[in-house]
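Structural description and commentary
Below, each chain spelled out in residue letters.
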2 protein chains.
Amino acid sequence: MPATDMDAKTLCLGVLVMGDATGYEIRKMFEEGPFAHFQDVGYGSIYPALAKLADEGLVSVIEVPENGHSDRRDKKTYRITEAGQRAFIAALAKPPAPDKIRSDTTFLMFFAEFMDPAHLRAVYDDYLAYYRDRAEFLKTLDPEGVPEGRLFVRGMGLAFYEAVADYMTENRSRLIGEEADAAD
Amino acid sequence: MPATDMDAKTLCLGVLVMGDATGYEIRKMFEEGPFAHFQDVGYGSIYPALAKLADEGLVSVIEVPENGHSDRRDKKTYRITEAGQRAFIAALAKPPAPDKIRSDTTFLMFFAEFMDPAHLRAVYDDYLAYYRDRAEFLKTLDPEGVPEGRLFVRGMGLAFYEAVADYMTENRSRLIGEEADAAD
DNA sequence: TTTATAATATATCAAGCCGATATATTAAAT
DNA sequence: ATTTAATATATCGGCTTGATATATTATAAA
């Protein structure tokens, strides 16, 4: 098997096996929810994917009428069907594509010698703060009632964020000079 | 500034500031070279990018005639120009886009409960072996004469690979049951 | 209270990227 | 001698991304 990429449709099904959701809510799962640190999909992929899934009978659409008074576009809540569940299981059975990591900040650090020291320092410290924040956030989450697979992934995310943040804390002086001015 | 994505053109310039290269060689830098663990670009981006860079005068093309006998398509070696160097420095001065990580394997582990145990185990152990291998490989590299920025990034890659591999070694039993059969 | 801002929600589109594929040569291995 | 792997350039359809448009509701501020 050619190890095809996990497409937007499968990603949506993954969210929907955990419960009904709107397109907007699905997006949030990838932006700040449980998938935030290892997957991403935008609206431009989600809405077409949901339309296709509905076409194929893998999800059903529950259009909630808006209190009957406004002419607002109806909110659409999506629910996975039995066929959808089977399709999702089948997608999980395929060999996964290799990880794809794209870190522009790392690219900058690679070329540290070509950069303005003040800019490098600002970029470095922002990045480090972000990783530290993400690690701290993951620690605040309650493990109560969360399935083992999700806790495992959460723990792996924490290990990853902490490893990077620790490395950057310990090795900061290798790239960042000690300037006298504290200004940015 | 809107923190635009590092595009294929900038990525190519980055390789070329380190020395002349063909499109094929540029690709290898991202496939198995120093950028392998934090960036990726395919031929479908590289060749058009190089054509545009040549158009804009940011790179020059050295067409090496093939020993004068065959009608083989000439090998094209690209060299960064002075304007190209300036454009690259300018690109590094922009605020970097946030990291994008896409791990289909992590997505599978998240939904471990829906997976066939044997398949999960195979995927898990392949992934772990890959991360362990990458870490070991980075350790074999000679730091002699390599600029600090590149060594720093190499070290960060090592920290990352090792953190994930260690976590997966220590927490394997949380996802993977101890089956009696050793078969795959 | 009114106003402004942020959050919720759906949808589209151009620009660009990715994976696959085609083609051809040369080096290495069997 | 023959097959396989590596070198090398190039294109293309399909998909994703980021930005944008639109509209409503909740929240915060003045």
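Throughout what follows, the structure given in this document is the object of discussion. (Residues numbered from 1 in each chain as written. Chains lettered and ligands numbered in written order. Predicted model: local features only at pLDDT ≥ 70, side-chain atom pairs only at ≥ 80, totals over all residues.)

Let's talk about the overall build of chain A
- Helices and strands together make up the secondary structure of chain A, namely eight helices and three strands.
- Traced from its N-terminal end to its C-terminal end, chain A shows the element sequence α-α-α-β-β-α-β-α-α-α-α.
- Across the 184 residues in chain A, those meeting the buried criterion constitute 32%.
- By sequence separation, contacts in chain A at least 24 residues apart represent 62% of the contacts at least 6 residues apart. (Helix = DSSP H or I, 4+ residues; strand = E, 2+ residues; numbered from the N terminus. Buried ≥ 20, exposed ≤ 12 C-beta atoms within 10 Å, placed from the backbone. Contact = placed C-beta atoms within 7 Å.)

Considerations on the environment of B:Phe152
- Turning to its location among the elements, B:Phe152 is positioned in helix H7 (residues 148-170).
- Here B:Phe152 falls in the buried class, since 21 other C-beta atoms lie within 10 Å of it.
- Sequence separation of B:Phe152 and B:Asp126 is 26 residues, and the distance between their C-alpha atoms is 27 Å.
- Leave out the neighbours within four places in its chain, and B:Phe152 touches A:Met109, A:Asn171, A:Arg174 and A:Leu175.

Observations concerning the relation of the copies chain A and chain B
- Rotating chain A by 180 degrees and translating it 0.0 Å along the rotation axis places it on chain B, where the RMSD comes to 0.1 Å. With respect to symmetry, the two chain copies, as superposed, fit the operation of a two-fold axis. The C-alpha atom lying nearest the rotation axis in chain A is that of A:Ile101; the distance is 2.3 Å.
- Most of the interface of chain A is mirrored in chain B, where 100% of its interface residues again form contacts. (Least-squares fit on C-alpha atoms with pLDDT ≥ 70 in both.)

Overview of the interface of chain A and chain B
- Taken residue by residue, the interface counts 47 residues in chain A and 47 residues in chain B.
- Elements that contribute at least two residues to the side of chain A that touches chain B include exactly helix H4 (82-92), strand S3 (100-102), helix H5 (104-110), helix H6 (117-140), helix H7 (148-170) and helix H8 (172-175) of chain A.
- Here the side of chain A that touches chain B gets twelve residues from one element, more than from any other, and that element is H7(A).
- Each residue belonging to the side of chain A that touches chain B can be placed in one class, and the counts come to 27 nonpolar, ten polar and ten charged.
- Pairing analysis gives three bridges linking S3(A) to strand S3 (residues 100-102) of chain B, with the strands arranged antiparallel. Its bridge partner being in S3(B), A:Lys100 is matched across the sheet by B:Arg102. (Nonpolar A, V, L, I, M, F, W, Y, C, P; charged D, E, K, R; others polar. Pairing = 2+ DSSP bridges.)

With respect to helix H3 (residues 43-55) of chain B
Residues and elements named next belong to chain B.
- Here H3 is 13 residues long and its end C-alpha atoms lie 18 Å apart, about the 18 Å a rise of 1.5 Å per residue gives.
- When H3 is considered as a whole, its buried residues turn out to be Ile46, Ala49, Leu50 and Leu53. One face of H3 carries all of its buried residues, which in axial projection span an arc of 100 degrees. Structural note: H3 exposes Gly44, Pro48 and Asp55 on the side pointing more than 90 degrees away from its buried face.
- Just downstream of H3, Gly57 is the residue with a positive phi angle, here 75 degrees. (Expected span 1.5 Å × (residues − 1). Arc of directions from axis to C-beta.)

Quick word on the packing of helix H1 (residues 8-16) of chain A against H4(A)
Residue and element names in this part refer to chain A.
- At a minimum axis separation of 10 Å, H1 and H4 run at an interaxial angle of 115 degrees. Read as a crossing pair, H1 and H4 show a hand that is left-handed. Contacts between H1 and H4 involve Thr10, Leu13 and Gly14 from the first element and Gly84, Ala87, Phe88 and Ala91 from the second.
- Class assignment of the residues belonging to the contact of H1 with H4 gives a composition of four nonpolar, three polar and no charged. (Axes fitted to C-alpha atoms, helices over the stretch in contact; angles between N-to-C directions. Left-handed = near helix turned anticlockwise from the far one by under 90°.)

It is worth stressing that arrangement in space is one thing and function is another; only the former is reported here.
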